[in-house]
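Analysis of the macromolecular model
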Amino acid sequence: MIRKAEEKDISRIAEILVFTKRMKYRAIFHNDDYSFNELQVVKVANEFKDPELLNKVWVYDDGIVKGMMHLEGKEISELYVDYFFWKQGIGAQLLEFAKEKYDSRFLWTLEKNKEAIHFYETHGFNLNGKRQLEEGTPEYIVMLERDWN
């Protein structure tokens with residue numbers, strides 16, 4: 001069910017990223033210009049056509065690509081599940097895959113995204129006190145690191 005992303009997945013990856021970011025981040029950033037003019041499926045899909053980027057992406061696919069995860073070394077750079085499939089364990093499976101297969105150790109998320117922070121804490125990642133401004137915004141991102149136990 002979790003496999004390397006392929007070219008055929010690009011449109012679904014872009015859909016998942018765009019829709020989920022709009023759902024979760026619009027209320028935090030209050031920037032409709034970005035949410036609906038900048039954040040476009042075709043634009044995001046074009047970014048993932050880069051084989052170097054696509055090679056770092058994994059998808060959850062049970063006949064439908066329902067989630068995606070972008071890994072950069074030991075960092076989980078992105079993890080998104082299609083809104084229609086939230087709360088079905090897909091994010092948990094992607095996260096556990098990253099931990100087991102790639103020894104993923106840390107990630108960053110928006111400080112105001114309390115639901116994401118709770119999700120990651122449930123899976124053994126904890127806030128480590130590091131925070132920084134999200135580039136180009138007044139919002140902070142926070143780092144969560146895996147328990148070493």
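Criteria and cut-off values
- Residues numbered from 1 in each chain as written.
- Predicted model: local features only at pLDDT ≥ 70, side-chain atom pairs only at ≥ 80, totals over all residues.
- Heavy atoms only, no water.
- Helix = DSSP H or I, 4+ residues; strand = E, 2+ residues; numbered from the N terminus.
- Rg over C-alpha atoms; globule rule 2.2 N^0.38 Å.
- Axes fitted to C-alpha atoms, helices over the stretch in contact; angles between N-to-C directions.
- Parallel < 35°, antiparallel > 145°, perpendicular 65-115°, else oblique.
- Left-handed = near helix turned anticlockwise from the far one by under 90°.
- Contact = heavy atoms within 4.5 Å.
- Nonpolar A, V, L, I, M, F, W, Y, C, P; charged D, E, K, R; others polar.
- Buried < 20%, exposed > 50% of the residue type's maximum accessible area, 1.4 Å probe, protein only.
- Polar contact = N/O pair within 3.5 Å; in protein donor to acceptor, adjacent residues only side chain to side chain.

**A look at the overall build of the protein**
- If you tally the helices and strands in the protein, you get six helices and seven strands.
- Listed N to C, the secondary structure of the protein is β-α-α-α-α-β-β-β-α-β-α-β-β in terms of helices and strands.
- Here the C-alpha atoms of the protein give a radius of gyration of 15 Å, agreeing with the 15 Å that 2.2 N^0.38 yields for 149 residues.
- The C-alpha extent of the protein, read off along each of the three principal axes, is 40 × 35 × 30 Å.

**Observations regarding the packing of helix H1 (residues 10–29) against helix H3 (residues 41–48)**
- Packing of H1 against H3 brings their axes to within 8 Å, and their N-to-C directions diverge by 125°. One element, H1, and the other, H3, form an angle in the oblique class. As H1 runs across H3, the sense of the crossing is right-handed. Side by side, H1 and H3 meet where Ile10, Ile13, Ala14, Glu15, Leu17 and Val18 of the first sit next to Val41, Val44, Ala45 and Phe48 of the second.
- In the contact of H1 with H3, the residues fall into nine nonpolar, no polar and one charged.

**Some remarks on the environment of Arg131**
- As for its placement among the helices and strands, Arg131 is situated in strand E6 (residues 125–133).
- Its relative accessible area of 43% is what places Arg131 among the partly exposed residues.
- It is 8.6 Å that separates the C-alpha atoms of Arg131 and Trp108, two residues lying 23 residues apart in sequence.
- Apart from residues no more than four positions distant in its own chain, Arg131 is found in contact with Trp108, Glu111, Tyr140, Ile141 and Val142.
- A distance of 3.0 Å separates the side chain of Arg131 from the side chain of Glu111, its partner in a polar contact.

Take it as geometry only, folks, not as evidence of what the structure does.
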